[in-house]
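Here are the chains, one letter per residue:
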Amino acid sequence: MAQGRGWEGAVLKLMRAKDFTLTVTGVEEVTGDYRRLHLTDGGLLAATGVHPTIWVRLWFDNAGKPHQRAYTLVDPDPAAGAFSLEFALHEGAASDWARAAQPGDTIEATVQGTGFERPAPAPSHVLVIGDPASLPAINSLLGPDEGALGSAPATVWFEGSPDGTAGLPFRTDPARHEIRHVPRRDAGAHLVARVKAELPALLTATPDPYVWIACDTLTTRTLTSYLRKELAVPKDRLHALGYWRAS
């Protein structure tokens, strides 16, 4: 980026974050609201290696100010030095850039904080709450080829009606993974109510459950508090991260 990255960039630099320049090589219109970009990695994968749900911070211009957002890598290929990124399009600097991106465009990326630790014991049932923004990470967790969490069955509460999510690139296995589509209503409150009504029975019906949450920040915080305080889910059996902020 032409301008500095502000305090966020300074902090990341102090934490020895690594910077790379990515170049767009192709684009795919997956749906009207979901776009996939193919990119060369600028040496990123050779420097960092690959693990499930690996993600990078991309830097966008937001009215002259630096703005960073995190994205999960799709199909990382270290030998080719390439991967893809998928964007659930809405309002904002990141989506504006993704909508307009064409082959030859470049964007700066920073790697710091990404990691993955497989839960032990391995999950007997995976309980996932997500939405289009976290679909690449969900795909990395659950499939293909058994995904990062093995062959355990999974139940996924996916915020978005079947009509609204038709055509999205799910890589889940219908034989093992149940997708429960939940329309987004009341700023995520409808999803919270559904999960509270349905998750407890599944949680107690399996010996080693594992819960993974990646929705908007407020919904993620609400569900995390509920699981920890009311359902007593241990910290090491719960992963939660807010993927975006509702405006």
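Everything below is about the structure printed above this text.
Model, not experiment: these values are computed from the prediction.

Thresholds applied
Residues numbered from 1 in each chain as written. Predicted model: local features only at pLDDT ≥ 70, side-chain atom pairs only at ≥ 80, totals over all residues. Heavy atoms only, no water. Helix = DSSP H or I, 4+ residues; strand = E, 2+ residues; numbered from the N terminus. Rg over C-alpha atoms; globule rule 2.2 N^0.38 Å. Buried < 20%, exposed > 50% of the residue type's maximum accessible area, 1.4 Å probe, protein only. Contact = heavy atoms within 4.5 Å. Areas by Shrake-Rupley, 256 points an atom, 1.4 Å probe, with all protein chains shown as cover. Core = buried A, V, L, I, M, F, W, Y, C linked by side-chain atoms within 4.5 Å. Phe/Tyr/Trp six-rings, centres within 6.5 Å; stacked < 30°, edge-to-face > 60°. Pairing = 2+ DSSP bridges. Axes fitted to C-alpha atoms, helices over the stretch in contact; angles between N-to-C directions.

Draft legend 1. Focus on the overall build of the protein. From N to C terminus, the protein includes 7 helices and 12 strands. Computed over the C-alpha atoms, the radius of gyration of the protein is 18 Å, within 12% of the 18 Å expected from 2.2 N^0.38 for a compact globule of 247 residues. If one aligns the C-alpha atoms of the protein with their principal axes, the spans along those axes are about 55 × 35 × 35 Å. Relative to its 247 residues, the protein shows a buried fraction of 45%. Pairs at least 24 apart in sequence give 69% of the contacts found in the protein among residues at least 6 apart. Here the protein has roughly 11800 Å² of accessible surface; of this, 52% comes from carbon and sulfur atoms.

Draft legend 2. The nonpolar core, seen in detail. Judged by nonpolar contacts, the single largest core of 25 residues is most densely connected at Leu58, Phe60, Phe87 and Trp97. Of all the secondary structure elements, the ones that give two or more residues to this core are strand E1 (18-31), strand E2 (34-40), helix H2 (44-48), strand E3 (55-62), strand E6 (82-88), helix H3 (93-100) and strand E7 (106-111). Per-element accounting of this core gives the leading share, 4 residues, to H3. Of all hydrophobic cores here, the second largest spans 18 residues; its members include Ile138, Ala148, Phe158 and Trp212.

Draft legend 3. Highlighting the packing of aromatic side chains. Taken as a whole and judged by the stated rule, the model has 6 aromatic pairs. The interplanar angle of 75 degrees and the centroid separation of 6.4 Å between the aromatic rings of Phe60 and Tyr71 together place this pair among those described as edge-to-face. Of this pair, Phe60 sits in strand E3 while Tyr71 sits in strand E4 (residues 65-72), and the two are 11 residues apart along the sequence. For the pair Phe60 and Tyr71, one class covers both residues: buried. Ring plane angle 65 degrees and centroid distance 4.9 Å describe the contact between Phe158 and Phe170, whose orientation is recorded as edge-to-face. Here the residue Phe158 occupies a position in strand E9 (residues 154-159), and Phe170 occupies one in the loop between helix H5 (162-165) and strand E10 (177-182), the gap between them amounting to 12 residues. Among the residues examined, Phe158 registers a relative accessible area of 0% and is labelled buried.

Draft legend 4. The sheet that holds E6, seen in detail. Strand order in this open sheet of 7 strands is E4-E3-E7-E1-E2-E6-E5, and the pairing throughout is antiparallel. Both edges of this open sheet fall to E4 and strand E5 (74-77), since each of them pairs with a single strand only. Shown here is a sheet whose adjacent strand axes are inclined to one another by a mean of 35 degrees, direction ignored.

Draft legend 5. How the structure looks around the sheet that holds strand E11 (residues 209-213). Taken in spatial order, the 5 strands of this open sheet run E10-E9-E8-E11-E12, and their pairing is parallel. Edge positions in the sheet fall to E10 and strand E12 (238-240), since each of these pairs with one other strand and no more. This sheet shows a mean twist of 10 degrees between the axes of neighbouring strands, independent of strand direction. As defined by bridge partners, strand E8 (residues 125-130) adjoins E9 across 5 bridges and the pair is classed as parallel. When the bridges of E9 are listed, Val128 appears paired with Val156. Packed on one face of the sheet, helix H6 (residues 189-204) meets E8, E9, E10 and E11 and runs near 175 degrees to E9.

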